Each structure stands twice: as structure tokens, then as C-alpha cells.
Amino acid sequence: MRWRTLSITVILVLIISSALVVIISDDSDSRSKSITLNPDQYKCRDNSGYRPSNYESMDFLKDYSYVTISSSGNRIERTSSERHTAITTDGNINININYRVNNIKEGIMLKDGWFLSDDTANSIDGVSTGKIGIGGLLVQKSSSPDYWPSNDYIVYNTGCKETQPLTLTTGDIGEGTYIRVLVAYELYQKSWFFKIATNHCNILEEYIFYVNICNPGAIVLKNLSNGDDIEEIDSFRTMEDGSLTTTGFSIGNLTSSGAKCAVYHNDDPIEASLNRSYTDPGRYDIKLFSPIDTTFEYHWTLYVASVDNVLQELFGDEFLREDYCVYNPNYNVPSYKLGVSTEFKQSDMVPIFRLTVFNITENYKEEYNNQFTRTIKYSPGLYNVSLSNSMSNNTGDIITITYSFNIEEGDYVWNPQTNHDLIMKSSYPIDFCPYYYGYVSDTQGIGNIIWMFKDYESAWEFGMSFEYSMTAKDGTNYIWKNKSYDNTWELTEAIGNYVEQKTNMKFIDPNDPNTYRAVALPDSELSVEYLSNLNLPMDVHLFGSELEKQLLKRDIPLISQKEFSILTEGREYRYKDQSMLVTDIHKLESNTATVHVIDSDDYFTVEYNVGLVDQLVKMNVNPGYLEIIETSSAGTTSYQALYLPPNYCSIEGIIDIIDSNGTSSTDHFDKTSVSNHYICSKFKISEVNEVYGDSIVKLNYGGFTQYYTITEIENMVFETQGSYQVQFINCLGNTIELNVVVIG
């Protein structure tokens, strides 16, 4: 909502009255209540200028006027002191001076032989008003009821005329102000015999009251979760009573007001400061009250609590007892033995939270709140439990916590198996043999689909089947790739030649995502027609079948840093990851994990849910085969893996150099070689060795790139003139590079 400038409307109508009467009644025209006052009435010395310092009290004129003070807000209350009335409201103030008689005019008898005079005086208490006539009116404001500056008045009127509405802004009222209303008129008595005016009397009616505004909009309660800077306070929505904030709140003022603020933290009073941040967890009671009427109060309760604070307050140290946990791999949620329960506690340190318990198995739901402490017992079944304060619909932060679990009638404990399955099923590019046979199928875009197979025959047969499925029959002819064939022999020959060109050995280069990029596809859309109609912006790779995927897997899994690239909805995403061991939250499935370096006496204890490569590097574990040993209360599981640290490279070899004179020389190269640059008439790689893994060779020559296996490159003679770049790349992407210039 938008805050509006608070204003006070003053409407004054001349009346004549006497004794003080207070009436509180409902205002039929608005939501506000009203307070009715009669003035103090004084007899001033004639021709004294209606100065209150020259008067004597009188009360013989009665029942002619009253002042009605009403509010356009929801509340207005009156507090009386020994001297003056104080009025506190939360909205606009309307002041009306009301007639009790009609047709007031000069010469009318008001009471007991007293008549209204047409007075020639032209001031009221030192303020020039012009001729008083049959009545004058003056409204003033002051910071003190004992001093009314003659130049600080709100309005005056003469001739007993009704005033126009007068608006006082919040700036006029400030932190509270005194209002004085003076009504001046002259009375006289008539000689009974001569019927002429005698015994003139100046009457002054005085109303003095204090105006104080205590409006809930006088302060703003700012949720720090929305940021610290409010450039436009008018557009900010203050926190409502009962709101929760996870970060804290601050108190800022929107208007100048006489209202006072008090803050209590967990029932203890603390400093109430504007723009201070309140961030300590707990319940805060903020009270806004009038300094002249402490019962005129607005009260907000706010809560500062994190998720951990909420859980601690409502459930103590645990939602479900950990000693009831069991491990059941048939569920992907925690399991507990029958008999476990939840203690849902009453707490006034957090707002009202609703706990919804849904038994999915039995399809029934129960709801609780933290207004009462209760024990929630569970029957066997699968549960989804949610905790939320969203039902309060307030302006604070909403916390929603969902917990799914299973209640079992029996105990379930299994040997560790999760990490074994994760490591064995790892499907990053380096988890596969770096060379394979691929069949390349076209798409509607510039990118192709490369189908991966263990051997050439499988790739070729897949290509034939794939292309045959793309043919159509047109009468007795066959249509394939927009060309017509008279018979199956011609069609088969054309497809065979095409597939042969599209089937060849491919390589996975860890440094080039174009050689291993995957693609995200819906499982239900793997038809040949669907795949052929894809508009791919770059090449992607798919296994020919689940069997081919298993055939291409390495014999032993790798523990190393791994990179991955996938095309999703036309965009490429790249990831880096590393192996880690995981367990359930209570370590029931696996409670200890140890790494044993095979063929040694070295054992290392590793942590769960932390990168395994980082841990092994930190412990200076050498590259090689490891045995991973996991234990649980049910037993022990062990399995093997090959560990290669990030910078590992064991490639070494020999290059034979032949100069123009036919003289031959050899040079050894490995990762420690300082310079691998050669000039010769021809060369060959006579030997390449590697301790672990199966590296590939990338040859750049004449602007073209060609990949080879180590076996293919060995003893291959290169004698064509030009510059050769020979890269030996291991499965991690670490490279040894040779640069050779053949000059003939």
C-alpha cells in the first residue's frame, strides 16, 4: 500500500455554551468515534480586548454550544489532566463548534434577559480580527498551554460565520501541539422601563486541548531480507504483526509523530532506535504508544529465526530419533523402525507453523500447529511431512521444510553397495576406451550424430539399418535421400557405399569437447525420424546400444578429475567433477571408508561427500591401483579402481631423426623434456610407452588433423616436407608435444 500524508481537518462553527460536559458517542457518518467538550466560560472586563487575563469565571449561560472532536481513523481517546484535555487519535481530526440554538442574530435573547450585542471590538487576546460584531472566533496552536503568540494563529472569523474546512498536516502537529479555540461575543441587559441596553458584558469561551497522533503508519518495520537500502519509502510495505524474518529487521520512521516506541526481545526491554538492525534470534514485541496516554498502543510481534532456529524450537535436537534409523536401498528416502515418533513442541519464539503429515501409503493427512505440544506417532508407510508458516499470509519470510521418509516394521541393514555402483557406472568420457568405431548420421543442422561402437562391423550394420529405415516406397521404386531406385540391388549398393564412407575409427580427445559431446534427449523420442529431424548446431555422440556402452567401458574404473559436455536445447554446458564417496545421513549404509594401495601396506581413511581426488592428492597417494574398502554393521564391501592424480602423465618414447645425409639419431622424450623441436629430412616414432591408460596421438600437418592409436603411429615414417605437430594425449588430457620440420 502507499502511505498518505496524515492531515487534520478543523471545522469551526460559533456557539455559546457554558458548563463542561464530556460525551463520547459513535459517529454515524464514519468509522470514527467522537469526543464532545463544552468550553470554559469567562466574563471579561468590557472593552478589554477579550483578554483571558482580565476575566472572572461565570456559569450562568448554559446549554448553548459544544465542541465535537472526531477522527477519520479507527480510534480516538481522551485523557484528562488537572488543566487540559489531551486527545490521541490514529487518523484525521475534525473539530466542529456546534450551535445549540438557531437564528443567532443581534438582539436575540439568549438567557434570562441577556441579549446578543453587535460589538465594535476588533481583536481577541491581542489578535486583530476586525469587528467582532455578533461573535468572533480565533483558533491558535502552541507548544505550551501557557503561551499563545499573537502571530501564530490558525484561523479567525467574525460575524458568527461558519468557517471553511481547515487542514493541518502532520508537520503542523509535529510531535504534538496545543490547540486553543476562543469564541468571543458581547451580551447586554435591557432597562425594563426604557428598553435600552444596559450592563454590557464581554463573554469569552475557551477550549484548550492537546492533539497527539499515534498512528501505526508512524513507523515502518523493514525486513532486512529485502536489502538495506530503501530509496522510496512510500513504496515499501511494512512487516505485519506475526511476521518472521530470517535475517532481521530495522525500524524506520515514515512521519513526524509524537508517538513513542518501545522494543522487547524475549520479554526483556531493549533500546528502540530508528534504523538499528535487530538480528538476534527470538521474539520481538514492538509497541507504539502515545506519551500522554500509554493505553493508546499499537503492538507488533515479529520473529527473527533461521531454519535451524525454527527446527530447534519446534523439535529440539532431532525430528526423528537417529537410533531408529535403518537402511533400505529399496527407497531413496531415509527409513526408520516402527515406533519412532516426533515431538512437536509449543513455542512462542517462532510464529505459528503448521506441520502437515501425509501418509502416502494409506492416503491420509493430518495437520498440527505449534500452539500445543504433542507427540506424533507413525504407522508403517511412506510419509511426506511439510512444515510451513505460509498460512499466516504475512509480509515476512516464508520457511517451508519438506521431509520424506519411510516407516518399516522390520530392521533393514545391507552391505555397502552405493559407492561401488556409482563408480562402476560412471559415464564420463574418460571412463571409456579413447578410440571406437563411429557411424555418422546427418541432421537438419550443421551438427551430426556420431554413433559409438566397439568394432567396425557393428557400426556398419547399424548404419545400413539406419539408412534403410529412411527409405520410402513409391510404387515399384524406392526413394532414399531424394533419389529413386528401380530395385533393391541398386538401393543396397548405394546405401552400402554411403555407409562405408560414414563409418570409420573415431577418437575421444579429452581436450576437445567436439570429440565426446553428449546430447540431452527425451527417452520417448529416439526414433530415426525424430533424430534425423533434429537441428543440431554441433556434433553430438550417442552409444549404439546399452551393450555397446558396456563394451566400450574401461576394464577398471578411474578415480580422477573428469570433464563432461552436453548439448541441451541448443546450448552447450560443460562440467568438471571428481569421484567422491557418499553415504546416508546417519552412515548406516556405509560408516567407514578406507583406501588401500594395492601391493603395499599403505591404508588411508577417507571422508564421505568430499572430493576423493583432492583427499588422495593431499595425502600424497601415488598413482596406481587402489582397493576401496567400506564397512557397515552388516559387513564389508571392497572393489578396485585406478587412481590418476590431475597432473599425471607417464608417456615416454623415442623419436628417430634422419638428416639429409642419411645419418640417423634418436632422442628420448617424456614430460620432463626441455625442448622437443627437430629439423630433419624424415622421422619416425620408434617406441612409445605408458604405465597406465591408453593414450592417443594427434597429428597436425598442412592444416589437417588426424588421430592415431599408439600402435598405428609406431614406426610410421614421415618424409613429406612441412611442419608436423605430434601430440601424445593421455586419458586425463595431459600432453607431450613434438614439433618436427621436414625439409627434404
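Please read these numbers as outputs of a predicted model, since none were measured by experiment. Each chain has its residues counted from 1, running along the sequence as written. Reporting in this predicted model follows two pLDDT cut-offs: at least 70 for local features of residues, and 80 or more for side-chain atom pairs to be given and counted; totals over whole chains, interfaces and linings ignore these cut-offs and use all residues. Side-chain metrics in this entry use all non-hydrogen atoms of the structure; hydrogen atoms and water are not considered.

Considerations on the overall build of the protein
Move 1: What the protein contains, in helices and strands, is nine helices and 58 strands.
Move 2: Only protein chains enter the accessibility calculation, which uses a 1.4 Å probe; a residue is then buried when its area is under 20% of its type maximum, exposed when over 50%, and partly exposed in between. For the protein, the proportion of its 744 residues judged to be buried stands at 47%.
Move 3: By definition in these notes, contact holds between two residues if any of their heavy atoms fall within 4.5 Å. By sequence separation, contacts in the protein at least 24 residues apart represent 65% of the contacts at least 6 residues apart.
Move 4: Per-residue and other accessible areas follow the Shrake-Rupley method at a 1.4 Å probe size, with only the shown protein chains counted as cover for residues. Roughly 37,200 Å² of accessible area belongs to the protein as shown, and the carbon and sulfur atoms make up 46% of that amount. By definition, any uninterrupted DSSP run of H or I lasting at least four residues is a helix, any uninterrupted run of E lasting at least two residues is a strand, and each is numbered from the N terminus.

Let's talk about the nonpolar core
Move 1: Here, nonpolar core means buried Ala, Val, Leu, Ile, Met, Phe, Trp, Tyr and Cys residues that are tied together by side-chain atoms lying within 4.5 Å of each other. One finds Val 310, Tyr 378 and Phe 405 to be the most contacted residues of the largest nonpolar core, which totals 25 residues.
Move 2: Secondary-structure elements contributing two or more residues to this core are α2 (307–315), β30 (354–359), β33 (381–388) and β34 (400–408).

Quick word on a nonpolar patch on the surface
Move 1: Only residues above 30% relative accessible area that lack a salt bridge enter a patch, with like-charged residues linked at up to 9 Å and the nonpolar side chains Val, Leu, Ile, Met, Phe, Trp and Tyr linked at up to 5 Å. We define a salt bridge as a side-chain nitrogen of Lys or Arg found within 4 Å of a carboxyl oxygen belonging to Asp or Glu. On the surface, a cluster of nonpolar side chains totalling about 280 Å² of accessible area is made up of Ile 679, Val 741 and Ile 743.
Move 2: Structurally, Val 741 is set in strand β58 (residues 735–742).
Move 3: For Val 741, a relative accessible area of 33% translates into the label partly exposed.

Side note on the pairing of strand β18 (residues 197–213)
Move 1: In terms of burial, β18 is a largely internal element, 13 of the 17 residues being buried.
Move 2: Here, any two strands with at least 2 DSSP bridges between them count as paired. Here five bridges tie strand β4 (residues 40–44) to β18, and the two strands are oriented antiparallel to one another. Paired with Lys 43 across the strands is Ile 203, a residue of β18.
Move 3: Of the strand pairs in this sheet, strand β8 (residues 85–89) and β18 are connected by five bridges, and their pairing is parallel. Looking across to β18, one finds that Ile 87 is bridged to Val 211.

Brief notes about the sheet that holds β30
Move 1: Judged by pairing direction, the sheet is mixed, and its six strands sit side by side in the order β27-β28-β34-β33-β30-β31 without closing on themselves. Two strands close off the open sheet at either side, each with one partner strand: β27 (325–326) and β31 (364–369).
Move 2: Pairing of β30 with β31 involves six bridges; the strand directions are antiparallel. When the sheet's bridge partners are listed, Val 357 is paired in β31 with Glu 366.

A closer look at the sheet that holds strand β24 (residues 277–278)
Move 1: With antiparallel pairing, three strands are arranged side by side in an open sheet as β19-β21-β24. The two strands at the open ends of the sheet, each matched to only one other strand, are β19 (219–223) and β24.
Move 2: Bridge analysis of strand β21 (residues 249–253) against β24 gives two bridges, and the strand direction is antiparallel. Within β24, the position partnered with Ser 250 by the bridge is Ser 277.

Some thoughts on the packing of aromatic side chains
Move 1: A pair of Phe, Tyr and Trp rings is counted when the ring centres sit within 6.5 Å of each other, with Trp represented by its six-membered ring. The angle between the planes then sorts it: under 30 degrees is stacked, over 60 is edge-to-face, the rest tilted. Under the criterion given, the structure shown has 33 aromatic pairs.
Move 2: Consider the rings of Trp 480 and Tyr 498, whose centres lie 5.4 Å apart with planes at 80°: the pair is edge-to-face. Note that Trp 480 is positioned in strand β38 (residues 477–480) and Tyr 498 in helix α5 (residues 488–502), a separation of 18 residues in sequence.
Move 3: Its relative accessible area of 16% is what places Tyr 498 among the buried residues.
Move 4: We call a charge positioned over a ring when the NZ of a Lys or the CZ of an Arg lies within 6 Å of the ring centre and within 35 degrees of the ring normal. Sitting above the plane of the Tyr 324 ring, Lys 337 keeps its charged end 5.6 Å from the centroid.

Description of the side chain of Asn 223
Move 1: Structurally, Asn 223 can be placed in strand β19.
Move 2: Overall, the relative accessible area of 1% leaves Asn 223 in the buried class.
Move 3: Among the polar contacts made by the side chain of Asn 223, one reaches the side chain of Thr 245 at a distance of 2.7 Å.
Move 4: Among the polar contacts made by the side chain of Asn 223, one reaches the side chain of Asp 397 at a distance of 3.0 Å. In protein, a polar contact means a hydrogen-donor-capable atom and an acceptor-capable atom, both N or O and within 3.5 Å, with residues adjacent in sequence counting only if both atoms are side-chain atoms; elsewhere, any N or O pair within 3.5 Å suffices.

A word on the environment of Glu 737
Move 1: Within the element layout of this structure, Glu 737 appears in strand β58.
Move 2: When the C-alpha positions of Glu 737 and Asn 676 are compared, they lie 7.0 Å apart, and in sequence the two are 61 residues distant.
Move 3: Residues in contact with Glu 737, not counting those within four places in the same chain, are Asn 676, Gln 725, Val 726 and Gln 727.

Description of the environment of Lys 506
Move 1: Mapping Lys 506 onto the fold places it in strand β40 (residues 503–507).
Move 2: A C-alpha to C-alpha distance of 5.7 Å links Lys 506 and Tyr 437, two positions 69 residues apart in sequence.
Move 3: Sequence-distant contacts of Lys 506, that is, excluding residues within four places in its chain, are made with Pro 434, Tyr 435, Tyr 436, Gly 438, Val 440 and Ile 450.

Notes on the pattern of salt bridges
Close approach of charged atoms lets side chains of opposite charge pair.
Move 1: In total, this model carries 16 salt bridges according to the counting rule given.
Move 2: Between Glu 271 and Arg 276 there is a salt bridge, and its shortest N-O distance comes to 4.0 Å.
Move 3: Judged by relative accessible area, Glu 271 falls into the exposed class, the value being 52%.
Move 4: Salt bridges here are not isolated pairs; linked through shared partners, they connect Asp 267, Arg 283, Asp 285 and Asp 348.

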